[in-house]
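Structural overview for review
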Amino acid sequence: MAPIPSTALMSPTQTLVVTISPRARASYLALASVGRRAFSASSPQASGQYHRSDFTGQGYTGFYETGQPTKGPISKTSDVGTPRITPRDFKKDLDQYVVGQERPKRVLSTAIYNHHLRIQELQRQDYVQGEMEAQALRREIGHRHPVEDEFPGQQTTMHDPAPTPLLESQPILELPPLQIDKSNILLLGPSGVGKTLMAKTLARKLKVPFSMSDCTPFTQAGYIGEDVEVCVQRLLAAANYDVSAAEHGIICLDEIDKIATSRVAHGKDVGGEGVQQALLKIIEGTTVQIQAKAERSAGGRSPRGAPGGSGGYPSSNPGSGPSPNPPGTKGEVFNVRTDNILFICTGAFVGLHKVIMDRVSKGSMGFGATVRSSNPESGVHDTSLKGQYADALFKKHLPYFVPAEPPQRSDPFAPETKKPQQVFNILDLVEPSDLQKYGMIPELVGRIPISCALSALDEDALVRVLTEPRDSLVKQYEKTLHDSGIELRFTNAALREVAKGASNMGTGARGLRTVLERLLSDCMYETPGSQVKHVLITQDVAKLRSGPLYFQRGQQQSFHHAIALEEEKWEEELRRSEDSAQVRNFEEYRKQGLVAGAGGFM
């Protein structure tokens, strides 16, 4: 298609006709519109009516604030989002260090997880509060002219008494946030079952400051001993004198049963009810003043760099500058709030199971009643309960729900196996009234809403303690001798004998180290630096019938052959014990039936 000519002679009278392309026409209309808009903006509107096109040449002004409440279907969702760590993760970490104690693990993991959520919620509320204050400041200075800030001598800009904002903004909501209270924990159980280890493991997993305080030396203020504020001071020291971190930490009060109220014939009970009264405000929430003590050997510097001398961390007191105290004098005072500190109280509570059984078996009389037999061989603090009536007793008085086990389909052609007798823990039935009868004041019991009991460790559990945990005792002794170039091995029969000897001591898992030290003391003295490269601990060695078996360099085959013989001997002994437990004639069946009929609480 040929281009259209711009000019052409269309008539003999010499008339000029101009033909314009569509693109040029559009450009001309655009230029005319811009000129008309500029003219209308410069001339005042006499009628007072404005059009939308009158403001297209001006810049857009308004406010945009982040963090406002979201509208729509996701307006009611969580502000935190999906948790990165769950109570199951805490329990998995506990399984690597603590054997058994399934319910205490679940309860403690849930409590620590809730404490973690409380810390996150408090941090989020502080962040939101800071954003609201910054938002209010931005709105306050939003209508000020920048010249007023750059040149203070300028006259203040005058505003309309009732200015109309160009953009409607969201009002600042000043509603008080929802406060989630803490739930302190009480762990009951015999000595050496893992109460302290569980608390330390979870605090290390949560990465918060953790301190352990023994309640035995606590006394009332003004008496010889330690004040109850020492537990907060130790937490502050564990947090490297960071007050904000210490206020979100965990304090473990060990041996809390030692401050139970006791009747004193002469004088005042300064270590019982008085200490419990002093712990009330600290556990519930108060402000404790902690004074950092200066170390004499550090040249006047406070512990871990606290500002007692030259340099350190700032004080929690607002407006306080550097410490004016000279080096070597008393340190600075820190104000620590205990509202958000989680307290984990542990104790053995020796004799509490008798108080519980007096309440549970009250009114029991006649055939089939619950009878407690005194067994002096069971130990001083035996809280286990077993027998044919124990199941019904626990279902009636247990303070928590236990789901029923699903029925298992048994093979009629399979040999009948003997079901192990279930053992219950009397401390699972504890109630606040039992703790009050033991000597704890009701105000302190009410501030510890969660209570959980740990069971004593039997021989099977002690064998698992020797081998299964991440830092088990067997692995520790094997590593100790491995550093000297010596291989240490235990047979299964030897481990069983070690567990049996520790269970007779009545100190729980702590007795395992005592037994192992007795067995390996001579071995750890003689073997380093000698020709011995392999050490074997057998059942006879564990029973102190013979010394450890030593194997020198080049006798590795004999070492493994001796291990195989010991394991075969142990398996044969297990088969004989299983065969002896089976009923072979009517006389044995009748005797076994009589024993079962006369069963009760052992």
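Numbers given to residues run from 1 along each chain, matching the order in which its sequence is written. Residue-level local features of this predicted model are given only where pLDDT is at least 70; pairs of side-chain atoms are given and counted only at 80 or more, and the full residue set underlies all totals for whole chains, interfaces and linings. Only hydrogens and water are set aside when side-chain values are computed; all heavy atoms of the structure are taken into account.

As annotated in an unreviewed UniProt entry, the chain is P-loop containing nucleoside triphosphate hydrolase protein from Polyplosphaeria fusca.

With that settled, the discussion passes to the overall build of the chain. The secondary structure listing takes helices from DSSP runs of H or I that are at least 4 residues long and strands from runs of E that are at least 2 residues long, numbered from the N terminus. Counting secondary structure elements, the chain contains 19 helices and 14 strands. The buried share among the 602 residues of the chain stands at 32%. In this analysis, two residues are considered to be in contact whenever any of their non-hydrogen atoms come within 4.5 Å of each other. Nonlocal contacts in the chain, meaning residues at least 24 apart in sequence, comprise 72% of its contacts between residues at least 6 apart. Using a 1.4 Å probe, accessible areas were evaluated by the Shrake-Rupley method; residue-level cover was limited to the displayed protein chains. Roughly 39500 Å² of accessible area belongs to the chain as shown, and the carbon and sulfur atoms make up 54% of that amount. Only protein chains enter the accessibility calculation, which uses a 1.4 Å probe. A residue is then buried if its area is under 20% of the maximum for its type, exposed if over 50%, and partly exposed in between.

This paragraph deals with the sheet that holds strand β14 (residues 549-552). Reading across the sheet, the three strands line up as β12-β13-β14 and stay open at both edges, with mixed pairing between neighbours. Edge positions in the sheet fall to β12 (487-490) and β14, since each of these pairs with one other strand and no more. Each adjacent strand pair in this sheet contributes to an overall mean axis angle of 20°, direction not counted. Only strands joined by at least two bridges in the DSSP assignment are considered to pair. When β12 meets strand β13 (residues 532-537), the two strands line up parallel, connected through four bridges. Looking at the pairing, Phe490 lines up with Ile537 of β13. Helix axes are fitted to C-alpha atoms over the stretch in contact, other axes to C-alpha atoms as well, and angles between N-to-C directions run from 0 to 180 degrees.

Here we come to helix α16 (residues 510-526). Here the expected span of a helix is defined as 1.5 Å times the quantity of residues minus one. Relative to the 24 Å expected for 17 residues at 1.5 Å per residue, α16 spans 25 Å between its end C-alpha atoms, a close match to the ideal helical length. Two axes are fitted around each residue, one to the seven residues ending there and one to the seven starting there, and the angle between them is reported as the bend at that residue. Leu520 marks the point of greatest bend in α16, at about 50°.

A pair of packed helices is captured by two measures, namely the crossing angle of their axes and the spacing between those axes. At a minimum axis distance of 9 Å, the contact between helix α13 (residues 459-467) and helix α15 (residues 492-503) shows a crossing angle of 115°. For the element pair α13 and α15, the recorded crossing hand is right-handed. The segment α13 lies against α15, with Glu459, Asp460, Leu462, Val463, Leu466 and Thr467 engaging Leu495, Arg496, Val498, Ala499, Lys500, Ala502 and Ser503. Residue type decides the class: Asp, Glu, Lys and Arg count as charged, Ala, Val, Leu, Ile, Met, Phe, Trp, Tyr, Cys and Pro as nonpolar, and the leftover types, Gly among them, as polar. Taken together, the residues of the contact of α13 with α15 break down into seven nonpolar, two polar and four charged. With the far helix as reference, a near helix turned anticlockwise by less than a right angle produces a left-handed crossing, and one turned clockwise produces a right-handed crossing.

Let us now look at the packing of aromatic side chains. For Phe, Tyr and Trp, where Trp contributes only its six-membered ring, two rings pair if their centres lie within 6.5 Å, and the inter-plane angle classes them as stacked under 30 degrees, edge-to-face over 60, or tilted in between. Tallied over the entire structure, the rule returns three aromatic pairs. Ring centres of Phe349 and Tyr438 lie 5.3 Å apart, and the angle between their planes is 55°; on these two criteria the pair is classed as tilted. Of the two residues, Phe349 is situated in the loop between β8 (342-347) and α9 (352-360) and Tyr438 in helix α11 (residues 432-438); the sequence distance between them amounts to 89 residues. For Phe349, a relative accessible area of 1% corresponds to the buried category. For Tyr438, a relative accessible area of 21% corresponds to the partly exposed category. Taken together, a centroid distance of 5.4 Å and an interplanar angle of 70° make the contact between Phe551 and Phe559 edge-to-face. You'll find Phe551 and Phe559 in the same group, each marked buried. When the ring centre of Tyr97 is taken as reference, the NZ or CZ atom of Arg204 above it lies at 5.3 Å. Any Lys NZ or Arg CZ found within 6 Å of a ring centre and within 35 degrees of that ring's normal is scored as a charge over the ring.

Okay, the nonpolar core next. Residues belong to one nonpolar core when they are buried, are Ala, Val, Leu, Ile, Met, Phe, Trp, Tyr or Cys, and are joined through side-chain atoms within 4.5 Å. The biggest cluster of nonpolar side chains holds 56 residues, and the ones touching the most others in it are Ile112 and Ile250. Once residues lying within four places of it in the same chain are set aside, the contact partners of Ile250 are Ile112, His115, Ala203, Leu206, Val208, Pro209, Phe210, Ser211, Leu235, Leu342 and Ile344. Among the nonpolar cores identified, the runner-up in size contains 50 residues, and Val275, Phe343, Leu427 and Leu429 belong to it.

Quick look at the pattern of salt bridges now. Close approach of charged atoms allows side chains with opposite charge to pair. The salt bridge definition used is simple: a Lys or Arg side-chain nitrogen within 4 Å of an Asp or Glu carboxyl oxygen. In the structure shown here, the tally under the stated rule is 21 salt bridges. The shortest N-O distance in the salt bridge between Asp434 and Arg359 comes to 2.9 Å. On the criterion of sequence distance, the pair formed by Asp434 in helix α11 and Arg359 in helix α9 is long-range, its members being 75 residues apart. The residue Arg575 makes a salt bridge to Glu571 at a minimum N-O spacing of 3.9 Å. Separated by four residues within a single helix, Arg575 and Glu571 lie in helix α18 (residues 556-581), roughly one turn from each other. Judged by relative accessible area, Glu571 falls into the partly exposed class, the value being 40%.

Right, let's get into empty space enclosed by the protein. A 1.4 Å probe that fits into a set of points on a 1 Å grid over the protein atoms alone but cannot get out defines a cavity; an open set with protein on both sides within 12 Å along at least five of seven lines defines a pocket, and lining residues are those with an atom within 4 Å of a point. Grid points are joined across faces, edges and corners, and a volume is the space filled by probe spheres set on the points. Tallying each qualifying case throughout the model produces one cavity of 30 Å³ or more. Taken as a whole, the largest cavity encloses approximately 40 Å³ of empty space. Of all the secondary structure elements, the ones that give two or more residues to the lining of the largest cavity are α17 (539-542) and α18. Looking at which element gives the most residues to the lining of the largest cavity, the answer is α18, with three residues.

Turning our attention to the packing of helix α2 (residues 87-95) against helix α3 (residues 102-140). Contact geometry for α2 and α3: axes closest at 8 Å, N-to-C directions at 130°. As far as their axial angle goes, α3 and α2 are oblique. Where α2 crosses over α3, the handedness of that crossing is right-handed. Between α2, through Pro87, Phe90, Lys91, Leu94 and Asp95, and α3, the contact on the second element is made entirely by Glu102, Lys105, Arg106, Ser109, Thr110, Ile112 and Tyr113. A class-by-class count of the residues in the contact of α2 with α3 yields five nonpolar, two polar and five charged. Angle categories: roughly parallel below 35 degrees, roughly antiparallel above 145, roughly perpendicular from 65 to 115, and oblique for all the rest.

Read from one edge to the other, the open sheet built from five strands follows the order β4-β5-β8-β3-β11, with strand pairing classed as parallel. Because the sheet does not close on itself, it has two edges, and the strands there are β4 (210-214) and β11 (450-453). Across the sheet, the mean angle from the axis of one strand to that of its neighbour is 20°, orientation sign disregarded. Note that strand β3 (residues 185-188) and β11 share four bridges and pair parallel. By the bridge assignment, Leu188 is partnered in β11 with Ala453.

Let's shift gears to the side chain of Asp254. Topologically, Asp254 is positioned in strand β5 (residues 250-254). For the buried residue Asp254, which engages in no salt bridge, the nearest side chain bearing the opposite charge is Arg510, 6.0 Å off. With near-sequence residues (within four places) excluded, Asp254 lies in contact with Thr196, Met212, Ser213, Asp214, Cys215 and Thr346. For the purpose of counting charges, residues Lys and Arg are taken to be positive, whereas Asp and Glu are taken to be negative. His and the chain ends are not included.

All right, on to the confidence of the model for the chain then. When pLDDT is averaged along the chain, the result is 75, and 62% of the positions lie at 70 or above. This model gives residues 6-11 a pLDDT under 50, and the stretch forms ten contacts once residues within four places in sequence are excluded. pLDDT measures the predictor's confidence residue by residue and takes values from 0 up to 100.

Here we come to unusual backbone geometry. A positive phi angle is found at Lys207, which is not glycine, with a value near 60°. Position of Lys207 among the secondary structure elements: in the loop between α5 (195-206) and β4. With phi around 65°, Leu544 is a residue other than glycine that occupies positive phi space. In this fold, Leu544 is placed in the loop between α17 and β14.

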